[in-house]
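Secondary and tertiary structure notes
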Amino acid sequence: MDKSTAGPRVVVVGGGATGCGVARDLILRGFDVTLVEYGDLGCGTSSRFHGMLQSGARYAVSDTVYAGECMRERRIINKLAPEAVEETGGLFVSLPDDPADYGDKFFAGCQEADIPVRELDPADVMASEPAISRGVHRAFAVPDATVQPWRLLNLVAADIRRRGGRVLLRHRVTSFDMTGGRVRAVEVEGPSGSLRLEADAVVNAAGPWSGEIARLLGQDVALELTKGSILVFAHRLVTRAINRCRMPSSFDIMVPTGTVSLFGTTSEVVDDPSTTLVRPQEVQDLLDAAEPMIPGIRDRRVLRAWAGVRPIVKPDNWPSGRSLPRRHTVIDHGASGAFTICGGSWTTHRMMGEDAGDHVASFFGINRPSESATTPLSPDGGGSAWNPTTNYQGVEDAQTRKRTLCECESIDRDLVSQMVNDEGLKRFHDLRRRLRIGFGPCQGTFCGSRLAGLVAHLDQDFPAQKELEAFWAERLKGATRTAWGHHARQIILSDAVFRENLGIRLDDKAHPAGDDR
Amino acid sequence: MTTTHLDRDSHEGRGFSVPLMTPAMVRQSMDNCTKCNVCQVHCPVAGVTDAFAGPKYAGPQAERFRIIDAVDETAPMLCSGCGICTSVCPNDVAITDIITLAKADQVDRAGGIGLGQRLLNRPELIGRLGSLAPWLANGVLANSLFRQIAVAVTGVSRDAPLPRFAGQRFRRWLKHLSQREGPQITYFSGCAVDHYDPDVGIAAVSVLNSLGYKVTVPPDACCSLPMLSSGDFETARPRARKMIELLTPSAGAGQTIVGTSTSCTLTLKSKYAAYLGFDDRQASEVAHAVSDICGYLLEHHADTFAKASARVPKRVLYHGPCQLRGHHIGQPALELLRLVPGITIELSQASCCGVAGTYGYDQEKRPIAVDVGRSLIEQIADSRPDLVICDSETCRWNIEQASGVPCLHPIQVLAQAMELTSGKVFQD
Ligand SMILES: Cc1cc2nc3c(=O)[nH]c(=O)nc-3n(C[C@H](O)[C@H](O)[C@H](O)COP(=O)(O)OP(=O)(O)OC[C@H]3O[C@@H](n4cnc5c(N)ncnc54)[C@H](O)[C@@H]3O)c2cc1C
Ligand code: SF4
Ligand code: SF4
């Protein structure tokens, strides 16, 4: 692992948005970077989120500075990776319950934060968004967008690898060698045993697990962990991200992303960073809260629910009851060469990486500015805009219907074979995340068995049956939380297909950590 | 899901009424799909050609993409609109209607429909032209050179079962008809009766008269179904509205509007709402007043047929047309025919004869239609019935041409059973 020709060796802990942002920033500054991720890229909060690349308008009133940062970052990300971003646009709508004076403050805040904002005629908005309430009395358009998390993280990881960095997936950081009060090495455990990674510095970017990693570093980082749960509706109920025009709070956004739409979120302080539990009461609360925005919401099909944990560093002497700042924090753990970066958001992950990079560079006395905002992510300079319809249009153009592996998402089987052959990926969850297999209404019922057939054909030693168990166990877990009405029929049919046709038996061990959502 | 209902107080005794679905409700039904594939297996078109993606694919599945962004697709285009998928779906997905809405989007994007389909979409116009000089028109259509030219210009299949123009025979007969006073009923004759199949109309009015009704027949106009099912909504819209105006006096007076064409009555009952979004009070009133004639007779006059029937010693094969399923009334004609003494009935084993409205007339789709209808034609060839009975006109013309066995509307047999000579169309 020694690469003495490069700059100082930095290990980044955590392969979420933050860790990926940090690792890329560092490698562009000439550091020798190893990114260590316990599961797959983005298996933590970075995939259990609301999907938005925020314009910042949400914080236009509550935190105008942060709002402006979001807008700047959102522009940069879209330039770097148009293939992972969808320019859906966003709306802020005032419903009868929303404060009458917020609209003007909102408009002023957006202008101050340099967020392009336009007031729209509520009648036009209601005509173009038939699902939303007929009680809209003010409406504003802002450039909110959505991001495909795995697509972007994999682009970043590919760039890191291309530049000589290492990305270790399914490796867990277990301890640090801090002999002499300085970072010496990081101990990790992976599928083929433990490894010692020599290091000159460590960046703890473990999101909600940052507190645990800090403890391994002998540090105490006070985090507030807030769990947010989200409902996944079976199709896009709205064309733009719909926000309530009021101070940001829980239960106020509906986001169209992928082929689905997400409503959220709940908000409750938790102790366990690994919790992914969505309580039945939360589902009911979400439905109740969505009703004023989307009347008749209970008649809409909900595919599943998930929860993510937002890690925020509690500033010293922060008055209790006041909502914590959104902006991230970088903590320099003295002269040890260890840093923790936490908070912030998906939208600002690049900027967070830059900030952490500045700290690490100055620690080593290196005076090289960040290049992550201007260096293209892909050697060919970036792809073209994508939305899920692109998949369907592709199949229709090439008339390859008979080769479709995942029907709900219109995924061609050749795409899957290519990924298995070129990248050696065979685990169904890895393929699922990269290609969106099994994300639609049937939650993997029909593509699951096709996938098993295809992978088993390409690699006869691959334990396809076991993988299928893990696949369905995970899909079922998220889907049973919202199994009523037609979706309940789906789950019964799907479970019957897995159990009766494919002989799948589920037990507690069926699904490995970090694979759900 | 909310449904548009009319308050039913003043509409008792009108037979079955289906709740009206608007395009938004049609689209929303995509969420009900569990991907079970039942529709895929039953779709007669998908059963004979891989060129068609099938109902699940072209319906609820593709709809999730269409609502995100406009697409250029061929997936919906080969659907015949037969409605079988919708009727077999265990989860109430309005599959046929989703596909038809998608077809209309594609037609819009392409800037309209082709000449052939435009012609096929105007049966009343062609009918009126042909009626000016039926002998000349029939002669021309029988001429193979003319047909070849027509195929090249219009895309209408040269082998299509074109009916013979009958002139204004039904309307002329009606003009000389004297009716007794009695309960009022409206008979919607449709293009087929007005221009090609007058005997069906004569039989229908005669049966209704003999049951004591005074029959009103609205002026000759087309319900616009061919336009709707080929996706030409914009041309259909004002015509459909006019049709509703035309039927409003009857519906408003509380009359039932019966029809002999299963597809026209289905259009009046539910497709104006599903495709054009007509769910206002006037449109709903008309929709709820419409009934398939056999459905109406079975509900209100089964006794008469059970008692008063003359023997019809015929071996018949009954084919319930695909569009009948959309009425959700079972096969009332079959039940009525079973009351007729002397008749031996064999049931068609096919779900569709292939022609499905004007689908089988299109040059490109004709081979598919022939394949879809093959099993029915073979069944007829095997069992050699005296007659085939079917409620839908294009099906009858198709079956008659393909099998060589005469094909009648059930009302013609019922008229015979009631010994109503004016509607008599076959000899013992
Ligand atoms: C409900 C919800 C909705 C949100 N919506 C939005 C939104 O719409 N837009 C937006 O911009 N932001 C949103 N956010 C915020 C955003 O999702 C987070 O700020 C961001 O994803 C945090 O990323 P992260 O990399 O810090 O943490 P994570 O993504 O959790 O990454 C931490 C990683 O560390 C790994 N790890 C943990 N322990 C170890 C170990 N011992 N060894 C190795 N690896 C380890 C974990 O497996 C994990 O992958 C939302 C947050 C929540 C909770
Ligand atoms: S309407 Fe008929 S042809 Fe069209 S998809 Fe349904 S079953 Fe198939
Ligand atoms: S029959 Fe209905 S539920 Fe089954 S696949 Fe077809 S549309 Fe979906």
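Residues numbered from 1 in each chain as written. Chains lettered and ligands numbered in written order. Predicted model: local features only at pLDDT ≥ 70, side-chain atom pairs only at ≥ 80, totals over all residues. Heavy atoms only, no water.

Contact with chain B, which involves 32 residues of that partner, is made by 33 residues of chain A. Together chain B and chain A conceal approximately 2,700 Å² of surface at their shared face, both sides included; 50% is due to carbon and sulfur atoms. When the buried surface of chain B facing chain A is broken down by residue, B:D31, B:R64 and B:F65 rank first, second and third, together holding 26% of it. Counting across the interface, chain B meets chain A through two salt bridges. (Contact = heavy atoms within 4.5 Å. Buried area = accessible area lost by both parts, 1.4 Å probe. Salt bridge = Lys/Arg side-chain N within 4 Å of Asp/Glu carboxyl O.)

A separate point is the site of ligand 2. All names here are of chain B. Close to ligand 2 lie 14 residues; C43, C79, C82, G83 and C85 are nearest. Looking at the shell around ligand 2, the elements that each hand over two or more residues are α3 (44–48), α5 (84–88) and α6 (95–109). In the shell around ligand 2, the residues fall into 10 nonpolar, four polar and no charged. (Near = heavy atom within 4 Å. Helix = DSSP H or I, 4+ residues; strand = E, 2+ residues; numbered from the N terminus. Nonpolar A, V, L, I, M, F, W, Y, C, P; charged D, E, K, R; others polar.)

Before going further, it helps to spend a moment on the site of ligand 3. Residue and element names in this part refer to chain B. Of all residues adjacent to ligand 3, which total 14 residues, the nearest are C33, C36, N37, C39 and C89. Elements supplying a minimum of two residues to the shell around ligand 3: α2 (38–42) and α4 (55–66). Of the residues in the shell around ligand 3, the class split is nine nonpolar, three polar and two charged.

Another point: the packing of α4(B) against α6(B). Pairs of packed helices are described in terms of their axes, by the angle between the two and the distance that separates them. Residues and elements named next belong to chain B. Direction vectors running N to C along α4 and α6 enclose 60°, while the axes themselves pass 9 Å from each other. Accordingly, the angle class assigned to the pair α4 and α6 is oblique. Note that α4 runs across α6; the crossing there is left-handed. Contacts between α4 and α6 pair P55, A58, G59, P60, E63 and R66 from the former with I95, I98, I99 and A102 from the latter. Looking at the contact of α4 with α6 residue by residue, the classes come out as seven nonpolar, one polar and two charged. (Axes fitted to C-alpha atoms, helices over the stretch in contact; angles between N-to-C directions. Parallel < 35°, antiparallel > 145°, perpendicular 65-115°, else oblique. Left-handed = near helix turned anticlockwise from the far one by under 90°.)

Moving on: the pairing of strand β12 (residues 193–198) of chain A. All names here are of chain A. With six bridges connecting them, strand β11 (residues 185–190) and β12 associate as antiparallel partners. Bridging across to β12, G190 finds its partner in G193. The antiparallel hairpin formed by β11 and β12 contains two residues in its connecting segment. (Pairing = 2+ DSSP bridges.)

Residue and element names in this part refer to chain B. Structurally, chain B comprises domain 1 (5–110), domain 2 (115–154), domain 3 (169–295) and domain 4 (302–426). Contacts between the two partners involve 26 residues from domain 3, matched on the other side by 28 residues from domain 4. Summing both sides of the interface, domain 3 and domain 4 together bury roughly 2,100 Å²; the carbon and sulfur share of this comes to 69%. Its largest share of buried area at the contact with domain 4, domain 3 owes to V207, T262 and C294, together 26% of the area lost on that side. At the boundary of domain 3 with domain 4, the tally comes to one salt bridge. Joining domain 3 to domain 4, the criterion identifies eight residue pairs in polar contact (both at pLDDT 80 or more). Mapped onto the side of domain 3 that touches domain 4, the elements with two or more residues apiece are α12 (190–196), α13 (198–210), α16 (262–276) and α18 (293–308). Taken together, the residues of the side of domain 3 that touches domain 4 sort by class into 14 nonpolar, eight polar and four charged. (Domains from an automatic or database assignment. Polar contact = N/O pair within 3.5 Å; in protein donor to acceptor, adjacent residues only side chain to side chain.)

Turning our eyes to something else, we now look at the domain arrangement of chain A. Residue and element names in this part refer to chain A. For chain A, the assigned domains are domain 1 (1–50 + 147–238 + 248–388) and domain 2 (390–510). At the junction of the two partners, domain 1 supplies 24 residues and domain 2 supplies 24 residues. Taken over both partners, the interface formed by domain 1 and domain 2 buries close to 2,200 Å², and the fraction arising from carbon and sulfur atoms is 43%. Of all residues in domain 1, W150, R301 and R304 give up the largest surface area on contact with domain 2, accounting jointly for 29% of the area buried on that side. At the surface where domain 1 touches domain 2, the tally comes to four salt bridges. With its nearest N and O atoms 2.5 Å apart, the salt bridge here joins R170 to D430. Where domain 1 packs against domain 2, one counts 24 residue pairs in polar contact (both at pLDDT 80 or more). Elements with a contribution of two residues or more to the side of domain 1 that touches domain 2: α5 (149–162), α7 (280–290) and β19 (302–313). Sorting elements by how many residues they give to the side of domain 1 that touches domain 2 places β19 first, with five residues.

Residue and element names in this part refer to chain A. Here the structure, examined in full by the defined rule, presents 21 aromatic pairs over all chains. On the numbers, 4.5 Å between centres and 35° between planes, the contact of F92 with F106 is tilted. Of this pair, F92 sits in strand β5 (residues 90–94) while F106 sits in helix α3 (residues 102–112), and the two are 14 residues apart along the sequence. The pair formed by F92 and F106 is uniform in burial state, with each residue classed as buried. The structure contains a cluster of three or more aromatic residues connected by ring pairs, namely F92, Y102, F106, F107 and F140. Here the basic side chain of R475 rests over the ring of F439, its NZ or CZ set 5.5 Å away from the ring centre. (Phe/Tyr/Trp six-rings, centres within 6.5 Å; stacked < 30°, edge-to-face > 60°. Buried < 20%, exposed > 50% of the residue type's maximum accessible area, 1.4 Å probe, protein only. Lys NZ or Arg CZ within 6 Å of the ring centre and 35° of its normal.)

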